[in-house]
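Structural description and commentary
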Amino acid sequence: MEHNLATSADRADYLVDLSNIVREQSIGGPGLRSLRRLDLVVAALVTLTGDPDVGVYLIADASLLGGSREFTDQADVRRLRRWVADGLVEEVPDADDRVLEIAGMTRIPVITGDRYDAYRTEHTWIQGNSSQFLKPVPGPAGPAGSADTVALVPLDMGVRTPAQISRREELAALKKQGLLGSDRTPLIKVLTRAWRCPERRCSLYDIHSGDRVLLPRMHRGVPTCQQHRVALSDDGPRPATAQLKAVINGTCVARFTLDEDSVTSVGRYPDPGIALFSLLDPEAAARVSREHVVVSLQKGLVLLRDVSSYGSRMRTADKRGRLGPWEQLPPRVDRRFHPGDEVELAPGVILTRSGRIFPAELPEDWRAAAPQTPVPPGAAAPTMSV
Ligand SMILES: [Zn+2]
């Protein structure tokens, strides 16, 4: 299971509100606190995604280890301490706030049972959200004596009243304009830049060193080093990446990282490119062209083009991740490839994008989510620097 723990939110597929999960007494046997619950959640994620290497990023309150006596099994406490030391748990004074900060910035799904009622004014996007939070619940009972299981179900965060809906929309619109404003946090500009702590030996945010790279912590609208409590300096454009997964007969068998400004061929045996031949059975291999599709990352957009002999089909995911009908891809035309979209190279051979969105896609996503309100006089259209 430990190989599923990511050292950075940048590399994870899911965030885990660890304190909440460890204390969730409806799963993983009795006891006030148990890491067994996390083991079950990760096993459920592997089942849900079909990806044995699905990555989770753990965020915990410092009080989780502070209350170590509440752990039934003291081996859990030792394991947790080691994870904190190894950078596999981000320990912060207020985990809820940190979870929502990262989730709001990246749209990464969150595993939690919490509805974060106290945070909805600041994090308005939680309102009505029914797709970004997953709650662990007891899984179907196995045969007597078998290990217990956990299922993950979407947590509908709900919207209380029409007044709250309009307030949410109002705030979203304000926030949208605030992306350029001086008083609100310009999250997109923050996300598309790399950051560096002025403290000389601090590499917490340095993308060029070490492998633990934190997303900046916003303090009064300024990206701040959470350890040294000083403003971070802008270290240039953040090289962004997108993740591609190969799913064969329902199981994710490989994942590939694509870099910005790259053009990558995917097929049976492209040269150069991503070769799938070792993953395909002979029947599928006969249907997949040597060079089947070309995926490119340009100005923050992920594009996909069919260049195969027998064609490809695509189905696109809506905002809630529901997939539409299969459509034949027109040959040799670039199509947008969004997170959750699926491209079928041959029966049972699917390429998909991991659920997190590419930082440069955020502005478009914001525009799509914001209500149609007139732009206040004097406000410019949203722009961004990449
Ligand atoms: Zn620092």
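Residues numbered from 1 in each chain as written. Predicted model: local features only at pLDDT ≥ 70, side-chain atom pairs only at ≥ 80, totals over all residues. Heavy atoms only, no water.

So, the packing of aromatic side chains
The condition is simple: When two rings of Phe, Tyr or Trp (its six-membered ring) have centres within 6.5 Å they constitute a pair, described as stacked for plane angles under 30 degrees, edge-to-face for angles over 60, and tilted for the intermediate range. In this description a helix means any DSSP run of H or I spanning at least four residues, a strand means any run of E spanning at least two, and both kinds are numbered starting from the N terminus. Exposure categories follow from relative accessible area, calculated using a 1.4 Å probe and restricted to protein chains: below 20% of the type maximum is buried, above 50% is exposed, and the middle band is partly exposed.
According to the stated counting rule, one finds three aromatic pairs in the structure shown. Between Y116 and F133 the ring centres are 5.9 Å apart and the planes differ by 45 degrees, which places this aromatic pair in the tilted class. In this pair, Y116 sits in the loop between strand 4 (110–111) and strand 5 (133–138) while F133 sits in strand 5, placing the two residues 17 residues apart along the sequence. The burial state of Y116 is the same as that of F133; both residues are buried. Their ring planes at 10 degrees and their centres at 5.8 Å tell us that W125 and F133 sit as a pair that is stacked. When sorted by exposure, W125 lands in the same class as F133, which is buried. Among the aromatic residues, ring-to-ring pairing joins Y116, W125 and F133 into one connected group.

Considering the coordination of the zinc ion
Note the cut-off: Donor criterion used throughout: N, O or S atom within 2.8 Å of the metal, extended to 3.2 Å for Na, K and Ca. Water excluded; incomplete-looking sites may result. Angular criteria define each label, namely tetrahedral for four donors with all angles between 85 and 135 degrees, square planar for four and octahedral for six donors with opposite donors over 155 degrees apart and remaining angles between 65 and 115, and irregular for whatever fails these tests.
Coordination of the zinc ion by the protein is provided by C197 (SG), C202 (SG), C225 (SG) and H228 (ND1), with metal-donor distances spanning 2.1 to 2.3 Å. In this structure, the zinc ion is surrounded by four donor atoms whose angles at the metal cover 104 to 117 degrees, and the resulting shape is tetrahedral. Considered as a linear motif, the donors of the zinc ion on their single chain read C-x4-C-x22-C-x2-H. Using a relative accessible area of 0% as the deciding quantity, one classes C225 as buried.

Looking at helix 2 (residues 36–49)
Counted only if it meets this: By this rule the span expected of a helix is its residue count minus one, scaled by 1.5 Å.
Taking 1.5 Å as the rise per residue, helix 2 with 14 residues should run 20 Å; its terminal C-alpha atoms sit 20 Å apart, in good agreement. If you check which residues of helix 2 are buried, you get R37, L38, L40, V41, V42, A44 and L45. Once helix 2 finishes, G50 follows within two positions and takes phi at roughly 70 degrees, a positive value.

Re the pairing of strand 21 (residues 349–353)
Defined as follows: Think of it this way: DSSP has to see at least two bridges between two strands before they count as a pair.
Most of strand 21 sits out of view: five of its five residues are buried. By the bridge criterion, five bridges tie strand 11 (residues 241–248) to strand 21 in an arrangement that is antiparallel. When the sheet's bridge partners are listed, I248 is paired in strand 21 with V349. Bridge analysis of strand 20 (residues 342–346) against strand 21 gives four bridges, and the strand direction is antiparallel. Note on strand 21: the bridge partner recorded for A346 is V349. Between strand 20 and strand 21, which pair antiparallel in sequence order, lie two residues; one of them, G348, sits at a positive phi of approximately 80 degrees.

Details of the sheet that holds strand 3 (residues 89–92)
Rules: Residue contacts are counted whenever heavy atoms from the two residues lie within 4.5 Å of one another. Lines fitted to C-alpha atoms define the axes here, with helix axes fitted over just the stretch in contact, and angles between the N-to-C directions of these axes take values from 0 to 180 degrees.
One open sheet holds the six strands; their spatial order is 3-2-1-4-5-6, and the pairing between them is mixed. On the outer flanks of this sheet lie strand 3 and strand 6 (150–154), each paired with one strand and no other. Relative to strand 2 (residues 56–61), helix 5 (residues 95–106) is tilted by about 150 degrees, and along the sheet it contacts strand 1 (14–17), strand 2, strand 3, strand 4 and strand 5.

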